[in-house]
Amino acid sequence: MTHSFDALIIGAGQAGPSLAGRLTAAGWTVGFVERKNFGGTCVNTGCTPTKAMIASAKAAHTLRHATQFGLAPVPDFTTDLAQVKARKDAIVAASRKGLESWLTQMPRCTVFRGTARFVSPTAMQVNDDVLEAKHIFLNVGGRPASPPLPGINQVPYLTSSTILELEELPAHLIIVGAGAVGLEFAQLFRRLGSQVTIVERNPRLLPHDDEDVATAVAEILTNEGITLRLGAECIALAQENGQPVVHVSCEQDPTSSRGSHLLLAMGRQPNTDDLALEKAGLQADARSFIPVDEQLQTTVPGIWALGDCNGRGAFTHTAYNDFEIVAANLLDHGQRRVSERLPVSAIYVDPPFAKVGLTEADMRAAGTPVLLGKRPMTKVGRAVEKGETQGFIKVLVHAETDQILGASIVGVGGDEAIHCIITAMYAQQTAAFMRRNMFIHPTVAELIPTVFGELKPLAK
Ligand SMILES: Cc1cc2nc3c(=O)[nH]c(=O)nc-3n(C[C@H](O)[C@H](O)[C@H](O)COP(=O)(O)OP(=O)(O)OC[C@H]3O[C@@H](n4cnc5c(N)ncnc54)[C@H](O)[C@@H]3O)c2cc1C
């Protein structure tokens, strides 16, 4: 059967549902297609489940360190991963169901369940239905990549999605890949009680971030007993005695990592391969992303790509910002562009690492005259009171214009405190402006004006 709409939205991830809300409120009819779980990656296998499990892991960590806070140790404390999972599943289900009922009850929106594929630039097929529209918005997201590692077909492995289904704690989890996903799972499973080894090709963690950040994050993890095997040049997988083995050396390797479970956390790939893009006249780039312009329009007029599938961001906040850009430009006569947004992100190890803008390494490479302010968390009262003094606050300011160029916070509350710097940067504010702010005591953020008052030239 053929159905006609003003717009089609493919994928109920972080951009599509809100876009449906705006378009239908403006009087458009929308055909909405989702093939699996409403809420996409973030709600079902990404942000929400991991942060829920990280909260359980934090509770375990606090129990283990009860004596540090003057409490008697908790004897016979064990982890019940099935219960940790049940808590996480309940949080995920509430979010997914809320979104699903919002969309299915949305006036002027018709939801189809299945995989959408192009049949022409203005039509897509879903099961036996053909959906036509002059405007098509792709929000198809991505999935864990299966890297071409030697031995990958011989070894059972977990992905960032399937690991969330475990009900028994791995005795020894080996994680290949030290990006945000690998690091978060490493610490959470370590805190729940697994032995954890991270294998990573790069000689240090977080190669796109500053060395001091990488060192601080590595210390946080190794202090908790996580083994880091960095600089693994020739990663190969094998199975011996029913257990996964990860070879890390190009030579005969007596020091291979052997564990009970293997997680591959080596990036993600966009869900663009089964869209039949060619039928719309679209072509994915070499990394399978759908190329878009500053307004997120593809090379075919009337087709937009939002979220992880366009390669312009890999976060929930970038996907949602894509929605805001498209909605503003279509419905509010806006002129919003992707390049207006600042690079912001956090990695939810505990304490977290949050950042905005450029790094010290970026400035050195560009030869930008820069002033640096830095304060260890040992000199932040709130961190001391909480007994969480790892990490630092670091800010970077242009030496001539006083403009704020970037900041990194590794430390307790850093994921929240960074937002006062993000806001100041969006307002194109200066260090002098930051120094005049009075913040609430006692917070981590209250020290940020002080850090902007302690600027020094970068050490050579
Ligand atoms: C373990 C993990 C932790 C993460 N933690 C964070 C975090 O803390 N903060 C953060 O900002 N980001 C985090 N992310 C990243 C974040 O989840 C993604 O960036 C975000 O979900 C991208 O949203 P999206 O809308 O682009 O796509 P998705 O959320 O992936 O949604 C795409 C949807 O499209 C559907 N779909 C795909 N193809 C079709 C088709 N042909 N027809 C119909 N439907 C289709 C899919 O089923 C899916 O529901 C995490 C990711 C992972 C894996």
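Presented here is an overview of the structure given in this document. (Residues numbered from 1 in each chain as written. Predicted model: local features only at pLDDT ≥ 70, side-chain atom pairs only at ≥ 80, totals over all residues. Heavy atoms only, no water.)

## Remarks on the layout of surface pockets
Here is step 1: If you add up the space inside the second largest pocket, you get close to 370 Å³.
Here is step 2: For the second largest pocket, the lining is made up of 18 residues, of which His-61, His-65, Gln-68, Arg-191 and Glu-224 are closest to its centre.
Here is step 3: If you list the elements that add at least two residues to the lining of the second largest pocket, you get α3 (47–64) and α5 (180–192).
Here is step 4: For the lining of the second largest pocket, the leading source of residues is α3, giving 4 residues.
Here is step 5: For the lining of the second largest pocket, the per-class residue count stands at 2 nonpolar, 8 polar and 8 charged. (1 Å grid on protein atoms, 1.4 Å probe; cavity = no way out; pocket = protein on both sides within 12 Å on 5 of 7 lines; lining within 4 Å. Points joined across faces, edges and corners; volume = space filled by probe spheres on them. Helix = DSSP H or I, 4+ residues; strand = E, 2+ residues; numbered from the N terminus. Nonpolar A, V, L, I, M, F, W, Y, C, P; charged D, E, K, R; others polar.)

## Brief notes about the state of the cysteines
A covalent bond between the sulfur atoms of two cysteines is what we call a disulfide.
Here is step 1: If you walk through the whole model with that rule in mind, you get 1 disulfide.
Here is step 2: Disulfide pairing is shown between Cys-42 and Cys-47; the S-S distance is 2.2 Å. On the S-S bond that ties Cys-42 to Cys-47, the torsion sits near -130°, and the link is left-handed.
Here is step 3: We classify Cys-42 as buried; its relative accessible area is 12%.
Here is step 4: Not part of a disulfide, Cys-309 finds its nearest cysteine sulfur in Cys-42, a span of 15 Å.
Here is step 5: Owing to a relative accessible area of 0%, Cys-309 belongs among the buried residues under this scheme. (Disulfide = S-S within 2.5 Å. Buried < 20%, exposed > 50% of the residue type's maximum accessible area, 1.4 Å probe, protein only.)

## Looking at the site of the ligand
Here is step 1: Surveying the vicinity of the ligand reveals 39 residues, the closest of which are Gln-14, Glu-34, Thr-41, Asn-139 and Asp-308.
Here is step 2: Residue Arg-35 places a main-chain N or O atom 3.3 Å away from a nitrogen atom belonging to the ligand.
Here is step 3: With respect to the ligand, the backbone of Thr-316 contributes an N or O atom lying 2.9 Å from an oxygen atom.
Here is step 4: Summarising the interface, the protein chains cover 94% of the accessible area of the ligand, which totals 1000 Å² for the free molecule. (Near = heavy atom within 4 Å. Polar contact = N/O pair within 3.5 Å; in protein donor to acceptor, adjacent residues only side chain to side chain. Areas by Shrake-Rupley, 256 points an atom, 1.4 Å probe, with all protein chains shown as cover.)

## Things to note about the side chain of His-172
Here is step 1: Within the secondary structure, His-172 is located in strand β10 (residues 172–176).
Here is step 2: Engagement of the side chain of His-172 in a polar contact is seen with the backbone oxygen of Arg-258, the distance being 3.1 Å.
Here is step 3: Leaving out residues up to four positions away in the same chain, His-172 has contacts with Gln-195, Val-196, Thr-197, Arg-258, Gly-259, Ser-260 and His-261. (Contact = heavy atoms within 4.5 Å.)

## A look at the nonpolar core
Here is step 1: In terms of nonpolar packing, the biggest core is built from 50 residues, with Leu-23, Phe-32, Leu-103, Phe-118, Met-124, Phe-137 and Leu-138 touching the most fellow members.
Here is step 2: Of all the elements, helix α7 (residues 316–331) adds the most residues to this core, at 5 residues.
Here is step 3: Not counting residues within four places of it along the chain, the set of residues in contact with Phe-137 comprises Ala-7, Leu-8, Ile-9, Ile-10, Leu-19, Leu-23, Trp-304, Leu-306, Val-326 and Leu-330.
Here is step 4: Phe-185, Leu-192, Ile-198 and Phe-392 belong to the second-largest nonpolar core, a separate cluster that totals 38 residues. (Core = buried A, V, L, I, M, F, W, Y, C linked by side-chain atoms within 4.5 Å.)

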